Amino acid sequence: MINIVLPVDFGDKTEQLVDGAIKFAKEVNGKINLIHIAPTDIGFAIGDMGFQYFPEVEENEIREELVQLNKLEQRIISQDVECEHLLKQGIAKDIILEYAKTKNANYIVMGSHGRSGIYDVFVGSLTKGITKSSTIPVLVLPIHE
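Not measured: the values here are computed from a predicted model. (Residues numbered from 1 in each chain as written. Predicted model: local features only at pLDDT ≥ 70, side-chain atom pairs only at ≥ 80, totals over all residues. Heavy atoms only, no water.)

1. What to know about the side chain of His-36
Mapped onto the fold, His-36 is located in strand β2 (residues 30-38). Of note is the side chain of His-36, whose polar atom sits 2.8 Å from the backbone oxygen of Val-8. Apart from the residues within four sequence positions on either side, His-36 is in contact with Val-8, Asp-9, Phe-10, Glu-65, Leu-69, Leu-86, Leu-87 and Lys-88. (Helix = DSSP H or I, 4+ residues; strand = E, 2+ residues; numbered from the N terminus. Polar contact = N/O pair within 3.5 Å; in protein donor to acceptor, adjacent residues only side chain to side chain. Contact = heavy atoms within 4.5 Å.)

2. A short note on the environment of Ser-133
Mapped onto the elements, Ser-133 comes out in helix α5 (residues 126-133). The partly exposed category is assigned to Ser-133, whose relative accessible area is 35%. As for Ser-133 and Lys-93, which are separated by 40 residues in sequence, their C-alpha atoms are 8.8 Å apart. Leaving out residues up to four positions away in the same chain, Ser-133 has contacts with Lys-93 and Leu-97. Within the local environment of Ser-133, its side chain forms a polar contact with the side chain of Lys-93, the two groups lying 3.3 Å apart. (Buried < 20%, exposed > 50% of the residue type's maximum accessible area, 1.4 Å probe, protein only.)

3. So, the confidence of the model for the protein chain
Per-residue confidence for the protein chain averages 85 on the pLDDT scale, and 77% of its residues sit at or above 70. Within the protein chain, helix α4 (residues 118-122) has the poorest average pLDDT of any element, 42, and strand β1 (residues 2-7) the best, 98. Residue range residues 117-124 is modelled with pLDDT below 50. Its contacts to residues more than four positions away, or to other chains, number 4 contacts. (pLDDT = per-residue confidence, 0-100.)

4. Details of the sheet that holds strand β7 (residues 138-142)
Strands sit in the order β5-β2-β1-β6-β7 across an open sheet of 5 strands; the sheet is parallel. Whereas interior strands pair on both sides, the edge strands pair on one side only; in this sheet they are β5 (83-89) and β7. Shown here is a sheet whose adjacent strand axes are inclined to one another by a mean of 25 degrees, direction ignored. Note: β1 against β2, 6 bridges, orientation parallel. Within β2, the position partnered with Asn-3 by the bridge is Lys-31. Along the sheet, α5 contacts β6 (107-112) and β7; its crossing angle with β6, the most-contacted strand, is approximately 150 degrees. (Pairing = 2+ DSSP bridges. Axes fitted to C-alpha atoms, helices over the stretch in contact; angles between N-to-C directions.)

5. Considering unusual backbone geometry
Of note, the phi angle at Phe-10 is positive, near 65 degrees, even though the residue is not glycine. One can find Phe-10 in the loop between β1 and α1 (14-28). Of note, the phi angle at Asn-29 is positive, near 55 degrees, even though the residue is not glycine. Among the structural elements, Asn-29 can be located in the loop between α1 and β2.

6. Regarding the nonpolar core
Membership of the largest hydrophobic core comes to 21 residues, with the highest contact counts inside it found for Leu-6, Val-8, Val-18, Ile-32, Leu-34, Ile-76 and Val-109. Breaking this core down by element, the ones donating at least two residues are β1, α1, β2, α2 (55-78) and β5. The element that contributes the greatest number of residues to this core is α1, accounting for 6 residues. Core analysis: the second largest hydrophobic core is formed by 11 residues, Ile-37, Ile-95, Ala-100 and Ile-108 among them. (Core = buried A, V, L, I, M, F, W, Y, C linked by side-chain atoms within 4.5 Å.)

7. With respect to the packing of helix α3 (residues 92-102) against α5
The contact between α3 and α5 brings their axes to 10 Å, and the two run at 45 degrees. In this view, α3 runs oblique relative to α5, as classed from their interaxial angle. Note that α3 runs across α5; the crossing there is right-handed. From α3, Ala-92, Lys-93, Ile-96 and Leu-97 reach across to α5, where they touch Leu-126, Gly-129, Ile-130 and Ser-133. (Parallel < 35°, antiparallel > 145°, perpendicular 65-115°, else oblique. Left-handed = near helix turned anticlockwise from the far one by under 90°.)

Okay, here's the thing in structure tokens:
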């Protein structure tokens, strides 16, 4: 079976990305390994006393993201595609590449909004970073407006 790693961020184009990954998985008889990387600074806030950490905020956010990940997994399974998921915190590029290695992935499927230039300078592009660093094929799906 072909192993496909599918990073998701729960943005407004996640559904479109998942649809493309399902279609691809069906074409190659693949299994989707969903992964979501939560930021490491979820529970931090700046207040009158400087930086403060609120573990309950982090726990609630992680719990909500896990619910969303479970829903995506069930949606994929309902389309007759095998799926499992993982939620981790940390640096997205590094974790995704390590997860792909752990899963002996044949492909990483990513989305591209089609932005470039000054946007990449200030925001960066996870898809671009993955394609430059990955030793396995990266399928980039256009998910424009």
